[in-house]
Structure formats: structure tokens, C-alpha cells
Amino acid sequence: MSRCVRPLAWALAQAKAGQVLDLDGLPSKQSGRIVTPGTTARTKTCTTRTPEAAASRCKIRDWQVLATFDSELVRVSGAPILLQLGGEEDLSRSVRGTMGVKICCIGAGYVGGPTMAMIALKCPDIEVNVVDISKPRIAAWNSDELPIYEPGLDEVVKACRGKNLFFSTEVERLVAEADIVFVSVNTPTKTSGLGAGKAADLTYWESAARMIADVSKSDKIVVEKSTVPVKTAEAIEKILTHNNKGINFQILSNPEFLAEGTAIEDLQKPDRVLIGGRETPEGQKAVAALKAVYAHWVPEENILTTNLWSAELSKLAANAFLAQRISSINAMSALCEATGADVSEVAYAVGKDSRIGPKFLNASVGFGGSCFQKDILNLVYICECNGLMEVANYWKQVVQINDYQKTRFVRRVVSSMFNTVSGKKVAILGFAFKKDTGDTRETPAIDVCHGLLGDKALLSIYDPQVTEDQIRRDLSMNKFEWDHPQHLQPQSPTTLTKQVSVVWDAYEATKGAHGICVITEWDEFKNLDYQKIYDNMVKPAFIFDGRNVLNMEELRKIGFITYSIGKPLDPWVKDLPAAAN
């Protein structure tokens with residue numbers, strides 16, 4: 001018996017609303033036709049046992065079967081759907097819809113977990129398994145305390161977990177059973193060897209590819225979800241095809257464009273979903289199959305398809321462009337402080353130009369996160385390998401400005417506090433790289449803390465979502481170690497115990513402090529009782545706003561000596577030697 005309704009994914013004819021389609025007598029390998037709202041489709045090959053069963057099986061997203069469903073008449077409304085016709089068993093698995101499809105994602109991290117949870121929520125007909133070799137991480141995904149914090153994630157996971165969303169350490173079995181395998185493993189920057197400090201380390205990706213080839217007993221679509229260098233798909237393809245045992249693999253690139261803190265919203269209403277595949281009949285069938293998954297909830301015009309290399313490069317380019325905007329406004333913030341201009345006013349004026357727009361023009365202590373610096377350095381390395389030195393140097397400046405901004409902030413703190421913070425308590429408010437996430441990868445807080453610790457400051461750190469163990473681990477690691485699996489990272493150090501304390505209350509962090517550094521723009525920091533904080537600090541009391549989220553005028557009235565990035569300087573700070581800048 002044919003399956004009657006499939007999500008919109010591919011079609012051979014577009015029907016107009018109200019049009020009657022006679023679908024009988026089509027070849028058995030005909031894959032389907034789009035039926036738009038208001039269309040009546042007549043067919044004897046698309047059948048089901050009862051109208052009730054049809055309505056039950058055909059409700060996908062908010063589509064609705066209106067009329068009685070019999071062997072001759074189907075009416076639909078709400079959104080286009082795809083009718084699957086007779087001869088289904090003759091069709092390739094990759095083009096017969098998503099009913100019964102099994103997805104497995106290797107890697108239960110910040111990308112794999114939320115992305116698969118959203119697919120499970122939007123595609124109840126698909127079984128989604130997320131696998132990882134880390135037993136503690138999988139246990140956390142199966143608990144009431146998820147391993148990552150992301151607004152809305154908890155509700156999505158709990159709505160699907162145990163139904164069609166599963167988290168497991170049975171990596172090989174579930175990969176072997178899957179039709180589509182997403183690979184979402186770490187691709188850290190190399191710390192040694194050729195390309196150290198710039199090139200992506202594909203060790204974990206290669207290991208995953210070899211495992212897929214080893215355990216697979218059926219054809220598979222392998223999807224790059226991790227951010228990878230251009231031409232990675234080609235290398236992975238060689239590994240799979242040289243170990244294929246007669247099994248066919250199709251490689252797709254499906255880069256993520258999530259912003260931490262808004263990842264669930266980004267997944268529900270993405271600006272675009274990008275799918276890159278080989279420009280062969282088999283490659284395009286694989287693209288269509290993955291497109292069918294996203295078409296459950298993403299409008300077709302927002303699902304972009306390209307060749308493999310364009311998709312891989314698009315992710316690196318997107319992150320480079322975004323980071324470039326941040327470094328551009330941060331560079332202007334230094335000039336604003338030198339001239340008395342206000343960077344917020346400059347950013348507003350610049351952003352009113354429709355060619356530029358206002359996003360990513362907030363000056364700060366610097367950008368962080370797992371992608372921006374790593375992807376730009378990867379881009380630099382690719383340019384260098386292709387002899388494009390001028391292009392490499394151009395993008396390298398984006399990272400250098402970011403490092404300069406963090407260094408400039410530390411210098412401002414130290415110089416303002418009588419040119420030394422030795423033995424002085426400094427409160428660090430916020431450790432995550434941005435608000436609404438617990439992610440600390442490449443957070444500016446690490447470099448700021450290292451700079452202050454280098455001058456022998458005593459730090460009291462508070463962040464509402466980052467654990468003490470994570471903070472201490474981050475402060476103990478060398479550059480680029482953070483993106484390797486946790487069991488390869490150093491254990492919590494003891495060397496910083498006397499200089500660093502981690503507390504779970506902003507008032508405790510600031511009690512007895514000489515200065516405060518706001519590093520993360522958590523909303524709660526805007527609403528603290530700063531009179532109470534001032535009363536319990538050593539005088540003069542300093543506050544350094546690395547995110548421009550506080551009302552400096554009110555703080556000055558209380559008695560604080562203030563500094564805010566790119567803003568007109570407090571008279572105290574303004575009188576300092578220019579070298580402090």
C-alpha cells in the first residue's frame with residue numbers, strides 16, 4: 001500500500017489552487033506531485049483504509065485533510081504537500097519521503113543536541129538518535145539537567161525524548177541502523193604540527209568517517225554538520241569509498257548558522273538552511289532527501305542548495321563577516337575614547353545606512369565563542385595554503401583587533417587603579433562569552449582574567465550559568481585546548497586557588513572589592529542594587545563595563561569611578577597617561 005502524504009521536498013509539477021489533478025496512470029517510478037492549498041487531487045493509487053486513518057497519518061505540521069479520504073478524492077489545505085504514488089517499493093530510499101527514516105547524529109554537543117531535538121520535534125515520523133562516547137554527557141541529556149544551557153531547549157527535548165528522540169552511547173549500532181548520519185564532532189584548531197595555531201584538526205572527523213565505513217551495512221547519507229575546511233567532504237569521501245564494502249555513501253554539507261542564546265529560535269525560524277551536495281544524480285537525490293527533512297517546517301525558499309565546496313566555504317565566510325563587523329566597531333571604540341566621541345552614537349549613525357544595517361555593531365571587550373576565531377584562523381590557513389597571502393593577512397587583522405581590545409581593557413583596569421592591582425580584589429561579573437548561554441569557549445573573560453592575574457590581582461568570579469569547575473578548567477588551559485574532548489583537558493587546577501574564588505552571588509563577588517569588571521551582558525547585571533554594592537566596596541570604587549550595559553551617569557552619582565568601552569572618559573580615567581590606552 002502506498003504512503004499517501006509526504007512533506008514538500010521535490011516534485012515534478014506545481015499545481016495551482018483549485019486545480020483538479022488526475023494522477024492515475026503515472027509510471028511506477030513517478031515520485032510525486034505538489035498539491036497546493038485548495039487543490040483537488042484524483043487518484044486510485046493513493047489510498048488508505050479509512051478517512052480517520054488518513055487524517056491521522058497525513059497531519060504533518062499544521063496541514064489538514066478536509067474531505068473524506070477515499071480511493072478517488074483527496075483535498076488538502078494549509079500548505080503544499082507531496083502525494084506519494086504507487087510503485088513505492090521501486091523508488092530509491094532517498095527519494096520516497098521521510099516516513100520511517102532513521103537519523104543518527106554523532107556528537108551530543110552545542111550543535112548536535114539542539115539541532116536533533118528540533119528535527120525530532122518537527123518530524124514526528126522520523127526516529128532521531130544522538131550518540132556520543134561520553135557517558136556523563138549522554139546521562140545529562142537523559143536527565144532533568146541538560147548538559148548545556150539554551151533558552152527553550154529544555155522544553156523541546158522533554159517534548160520528544162523517549163518518543164522519537166533518543167540519546168545513547170551505542171554509537172556503532174545506531175550509526176549502522178541509520179539512513180542519514182550527521183557528524184557534529186569537534187574540529188579544534190591544531191595545537192602542534194603543520195598549521196598549528198591556524199589549521200583545523202580533523203582527527204575526530206576522520207575517526208568518525210572510518211567508524212561509519214566500518215559499521216555500515218546499508219547505503220547512507222553522511223552530513224557534515226561541524227564547521228570544516230573547504231574540501232573536507234572530498235577527503236571524507238575518499239575514506240568512505242576506499243572502505244565501502246560495496247556500500248554507497250553520499251556526502252552532504254549542511255553547516256549550522258546558530259547563535260548561542262537564540263539557538264532554538266534560530267532552529268525554528270532559520271534565515272536559511274544550506275545544503276551542499278555533489279552535482280550528480282545520486283548527489284542530488286541525497287540533497288532532496290535531506291531537504292525533505294527540513295521541509296517539515298522550513299519554507300522551501302529558505303532551503304538553499306549549492307555544490308559541496310560552496311556550502312563549506314559559506315559557513316567560514318559568514319562567521320568571518322560577522323566577526324569583522326565586531327572588530328570594526330571595536331577599532332572605532334578606541335578612536336572614540338581618544339577623541340571624546342561616543343561609540344554608541346557612531347554605531348547608531350552608521351547602522352542607519354541601509355547598506356550597512358545595525359546588527360553586530362555593539363562595541364565590547366571582544367568577541368568569543370567556539371566559531372569566530374577558530375573559523376577565521378582556518379580561513380587564514382586555507383588562504384596561505386593557496387598562496388593568497390594578502391587575503392590571509394586581511395582576515396588575520398580581524399583576530400588581532402579582537403586580541404588588542406581585550407588587552408586594552410586590562411590595561412585600562414590596571415592603570416585606573418593606580419597602575420597596579422596586586423593584592424586587590426577585583427569582581428568579575430560574567431564568564432560566559434555572551435548572555436543566555438553557559439558556553440565559555442574563547443570567552444573574553446579568560447584573557448581578561450589572565451591579564452589581571454598576571455598583575456597578581458585577587459579575582460572573585462560570578463556567572464549565573466557557568467560552574468566553578470568549568471571556570472577553573474578554562475583558566476588552567478593553554479590556547480586552543482578548550483575544544484578537545486573533556487577527558488583530554490586538564491583537571492581543575494590548584495595553583496590558582498589563592499588568587500581565584502568563584503561565588504554564586506553578584507553581591508558576594510563584589511563585597512570588599514576594589515573594582516568590578518562586567519564581562520558578560522547578563523540582564524541581571526543591569527538590575528543590581530549598585531548603591532548596596534558601592535557601600536560594601538573599598539574606596540575609591542571602580543567599575544569597568546566591558547559590554548556597555550550599565551547606566552554610567554547613575555553610577556557616577558553613586559560615587560563610582562567608571563569606564564565604559566568607547567564612551568567619553570570619566571575625568572579620573574581621562575587624566576591618566578596616554579600610554580595606558
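Fair warning: this is a prediction, and the values are worked out from it, not measured in the lab.

Asker: Can you help me understand the UniProt feature "active site" (unreviewed entry) in the chain in this one?
Answerer: With numbering matched to this structure, UniProt assigns "active site" (unreviewed entry) to Cys371. Its place among the elements puts Cys371 in the loop between α11 (343-351) and α12 (372-385). Looking at Cys371, the relative accessible area reads 17%, which means it is buried. Apart from residues lying up to four places away in sequence, Cys371 is in contact with Glu256, Lys315, Asn319 and Ile376.

Asker: In this structure, what is going on with the environment of Cys449? I would like to understand it.
Answerer: Tracing the sequence through the fold places Cys449 in helix α14 (residues 444-454). Among the residues examined, Cys449 registers a relative accessible area of 0% and is labelled buried. For the pair Cys449 and Ile428, spaced 21 residues apart in sequence, the C-alpha to C-alpha distance is 8.1 Å. In contact with Cys449, other than residues within four places in its own chain, are Ile428, Phe431, Leu459, Ile461 and Leu475.

Asker: Looking at this structure, how should I read the packing of helix α7 (residues 232-241) against helix α10 (residues 308-339)?
Answerer: The axes of two packed helices give the description: the angle between them and the distance between them. At their nearest, the axes of α7 and α10 sit 9 Å apart, and the two run at 125° to each other. By the angle between their axes, α7 is oblique relative to α10. Contact residues: Thr232, Ala233 and Glu234 in α7; Leu308, Trp309 and Glu312 in α10.

Asker: For this particular structure, what's the right way to read the pairing of strand β16 (residues 425-429)?
Answerer: Moving residue by residue along a regular strand, the side chains alternate between the two faces of the sheet. The buried fraction of β16 amounts to 4 of the 5 residues, a majority that puts the element mostly inside the structure. Relative to strand β17 (residues 458-462), β16 runs parallel, the two sharing 5 bridges. Directly across from Leu429, in β17, lies its bridge partner Tyr462. Between the parallel elements β16 and β17, the chain passes through α14 in a crossover that is right-handed.

Asker: Hey, could you run me through the environment of Glu237 in this one?
Answerer: Locating Glu237 in the fold gives a position in helix α7. Given a relative accessible area of 16%, Glu237 falls into the buried group. In sequence terms Glu237 and Phe249 are 12 residues apart; their C-alpha atoms lie 7.8 Å from each other. With sequence-adjacent residues up to four places away left out, Glu237 is seen in contact with Ile251 and Arg278.

Asker: How do you make sense of the packing of aromatic side chains when you look at a structure like this?
Answerer: Ring pairs (aromatic) are described by centroid distance and by the angle formed between their planes. Scanning the entire structure with this criterion turns up 13 aromatic pairs. Measuring from centroid to centroid gives 5.1 Å for Tyr534 and Phe560, while their planes differ by 70°, and the two rings are edge-to-face. With Tyr534 in helix α17 (residues 530-535) and Phe560 in the loop between α18 (552-558) and β21 (561-564), this residue pair connects regions lying 26 residues apart in the sequence. Seen from their ring centres, Phe544 and Tyr563 are 6.5 Å apart, and the 55° between their planes marks the pair as tilted. Highlighted residues: Phe544 in strand β20 (residues 542-545) and Tyr563 in strand β21, separated in sequence by 19 residues. Taking relative accessible area as the criterion, Tyr563 reaches 2% and is therefore assigned buried. Through a chain of ring-to-ring contacts, three or more aromatic side chains come together here, namely Phe409, Phe418, Phe542, Phe544 and Tyr563. Over the face of the ring belonging to Phe257 we find Arg272, whose NZ or CZ atom lies 3.6 Å from the ring centre. Taking the ring centre of Tyr534 as reference, the NZ or CZ of Lys539 above it sits at 4.7 Å.

Asker: Teacher, can you tell me more about the pattern of salt bridges here?
Answerer: Note on pairing: side chains with opposite charge can pair once their charged atoms come close. According to the stated counting rule, one finds 24 salt bridges in the structure shown. Here Arg173 and Glu177 are joined by a salt bridge, their closest N and O atoms 3.2 Å apart. In this pair, Arg173 and Glu177 are both assigned in helix α5 (residues 171-177), 4 residues apart and thus about one turn of the helix distant. Among the salt bridges present, the one from Asp523 reaches Lys526, with a minimum N-O distance of 3.7 Å. Exposure remark for Asp523: the relative accessible area of 36% places this residue in the partly exposed category. Given the relative accessible area of 44%, Lys526 is considered partly exposed. When salt bridges with common partners are traced through the structure, they connect Lys102, Glu170, Arg173 and Glu177 into a single cluster.

Asker: In this structure, what is going on with the nonpolar core? I would like to understand it.
Answerer: Side chains of nonpolar character tend, in soluble globular proteins, to be buried together. Core analysis: the biggest nonpolar cluster contains 62 residues, and Phe409, Leu452 and Phe560 have the highest contact counts within it. If we skip the residues at most four places from it in the chain, Phe409 touches Val365, Val448, Cys517, Ile519, Phe544, Asp545, Gly546, Tyr563 and Ile565. Membership of the second largest hydrophobic core comes to 42 residues, among which are Ala117, Trp141, Val156 and Ala286.

Asker: How should I be thinking about unusual backbone geometry in this particular structure?
Answerer: Cis geometry is adopted by the peptide bond preceding Pro540, which originates at Lys539 and carries an omega value of -5°. With respect to the helices, strands and loops of the structure, Pro540 is situated in the loop between α17 and β20. Here Phe360, not a glycine, exhibits a phi torsion of approximately 60°, which is positive. Its location among the elements puts Phe360 in the loop between α11 and α12.

Asker: What should I look at first to understand the sheet that holds β16 in this one?
Answerer: Pairing between the strands of a sheet is mediated by backbone hydrogen bonds and can be parallel or antiparallel. The strand order β18-β17-β16-β19-β20-β21 describes an open sheet built from 6 strands, whose pairing is parallel. Edge strands, defined here as strands with exactly one partner in the open sheet, are β18 (500-502) and β21. When the angles between neighbouring strand axes are averaged without regard to direction, this sheet yields 15°. Helix α13 (residues 389-416) contacts β19 (515-518), β20 and β21 of the sheet and is inclined by roughly 170° relative to β20. Contacts between helix α15 (residues 468-476) and the sheet are confined to β17 and β18, with β18 contributing the most and set at about 155° to the helix.

Asker: Explain the environment of Gly112 to me, please; I cannot follow it from the model alone.
Answerer: Mapped onto the elements, Gly112 comes out in helix α2 (residues 112-122). According to the relative accessible area criterion, Gly112 is buried, its value standing at 2%. Setting aside residues no more than four positions away along its own chain, Gly112 makes contact with Cys105, Gly107 and Ser184.

Parameters at a glance
- Residues numbered from 1 in each chain as written.
- Predicted model: local features only at pLDDT ≥ 70, side-chain atom pairs only at ≥ 80, totals over all residues.
- Heavy atoms only, no water.
- UniProt positions renumbered as here; feature names shortened; annotations may be inferred.
- Helix = DSSP H or I, 4+ residues; strand = E, 2+ residues; numbered from the N terminus.
- Buried < 20%, exposed > 50% of the residue type's maximum accessible area, 1.4 Å probe, protein only.
- Contact = heavy atoms within 4.5 Å.
- Axes fitted to C-alpha atoms, helices over the stretch in contact; angles between N-to-C directions.
- Parallel < 35°, antiparallel > 145°, perpendicular 65-115°, else oblique.
- Pairing = 2+ DSSP bridges.
- Right-handed = clockwise from strand over helix to strand, strands pointing away.
- Phe/Tyr/Trp six-rings, centres within 6.5 Å; stacked < 30°, edge-to-face > 60°.
- Lys NZ or Arg CZ within 6 Å of the ring centre and 35° of its normal.
- Salt bridge = Lys/Arg side-chain N within 4 Å of Asp/Glu carboxyl O.
- Core = buried A, V, L, I, M, F, W, Y, C linked by side-chain atoms within 4.5 Å.

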